[in-house]
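Here are the chains, one letter per residue:
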Amino acid sequence: MSFSYASVADRMYSRRSSELYDNIAYLHHPSGVTVVVLRNVPESEVIEVDFGKTKTHGADRSMNQVSGKGKKGALILQTDSKLCTFKCKDGSEHVVRAGVRGTLVEMNDRLKTHPDLIRTAPDNQGFIAIITYGAGVRDTEGMGDELPKKRLHLKSSN
């Protein structure tokens, strides 16, 4: 006997595509909070994630401090705002852009010390960023169609 369940992320969030970028997906919560995750994970091990800490790459978005109900200190994102760049063991480099207009609340600091989480656990520990929107906004332009839910398949040992 086997069982099939929707993943925890897919039970709590709707999985949406990006209208502009095919390498990211959004886990959108009904409250208006959106988690940015990789849609197409690379086959090669991820060895470094750069949040823009050099002069040529801009301010380090992972060091941004956000506080309070009004999200004071949060960065305003445009659809083409770069969230991070990650490098793989095979030499490839991938740029991740926001794809939506919103407010950057959090970058995943865990990716600094464990960059391969972006590939091995993209929907939970390897998420890229958390974005919110203005007051009362629950949905936003830039999100595409709803993607199929990820299913977990379990087999009974009977």
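Residues numbered from 1 in each chain as written. Predicted model: local features only at pLDDT ≥ 70, side-chain atom pairs only at ≥ 80, totals over all residues. Heavy atoms only, no water.

In the annotation of an unreviewed UniProt entry, the chain is listed under the name Protein Abitram and assigned to Caenorhabditis remanei.

1. Notes on the overall build of the chain
Assigned secondary structure in the chain consists of three helices and twelve strands. In the chain, which comprises 158 residues, the share counted as buried stands at 43%. For the chain, restricting intrachain contacts to residue pairs at least 6 apart in sequence, the fraction spanning at least 24 positions comes to 62%. Total accessible area on the chain is roughly 9300 Å²; 51% of this is exposed by carbon and sulfur atoms. (Helix = DSSP H or I, 4+ residues; strand = E, 2+ residues; numbered from the N terminus. Buried < 20%, exposed > 50% of the residue type's maximum accessible area, 1.4 Å probe, protein only. Contact = heavy atoms within 4.5 Å. Areas by Shrake-Rupley, 256 points an atom, 1.4 Å probe, with all protein chains shown as cover.)

2. A look at the side chain of S18
For S18, the location among the structural elements is in strand 2 (residues 14-18). When its relative accessible area of 9% is taken as the criterion, S18 is described as buried. Only 3.3 Å separates the side chain of S18 from the backbone nitrogen of L20, close enough to count as a polar contact. Engagement of the side chain of S18 in a polar contact is seen with the backbone nitrogen of Y21, the distance being 3.1 Å. (Polar contact = N/O pair within 3.5 Å; in protein donor to acceptor, adjacent residues only side chain to side chain.)

3. A look at the sheet that holds strand 3 (residues 24-28)
One open sheet holds the seven strands; their spatial order is 6-9-10-4-3-2-11, and the pairing between them is antiparallel. Lying at the two open borders of the sheet, with one neighbouring strand each, are strand 6 (75-77) and strand 11 (143-146). On average, each strand axis in the sheet is tilted by 40 degrees relative to the strand beside it, whichever way the strands run. (Pairing = 2+ DSSP bridges. Axes fitted to C-alpha atoms, helices over the stretch in contact; angles between N-to-C directions.)

4. So, the pairing of strand 7 (residues 82-88)
Buried residues dominate strand 7, accounting for five of its seven residues. Pairing of strand 5 (residues 46-50) with strand 7, which is carried by four bridges, proceeds in the antiparallel orientation. Bridge assignment links E48 to a residue of strand 7, and that residue is K87. Connecting the antiparallel pair strand 7 and strand 8 (residues 93-97) is a turn made up of four residues, with G91 showing a positive phi of about 95 degrees.

5. Focus: the sheet that holds strand 7
Read from one edge of the open sheet, three strands run 5-7-8, paired in antiparallel fashion. The strands lining the two open edges of the sheet, one partner per strand, are strand 5 and strand 8. Taking each pair of neighbouring strands and ignoring which way they run, the sheet shows an average axis angle of 20 degrees.

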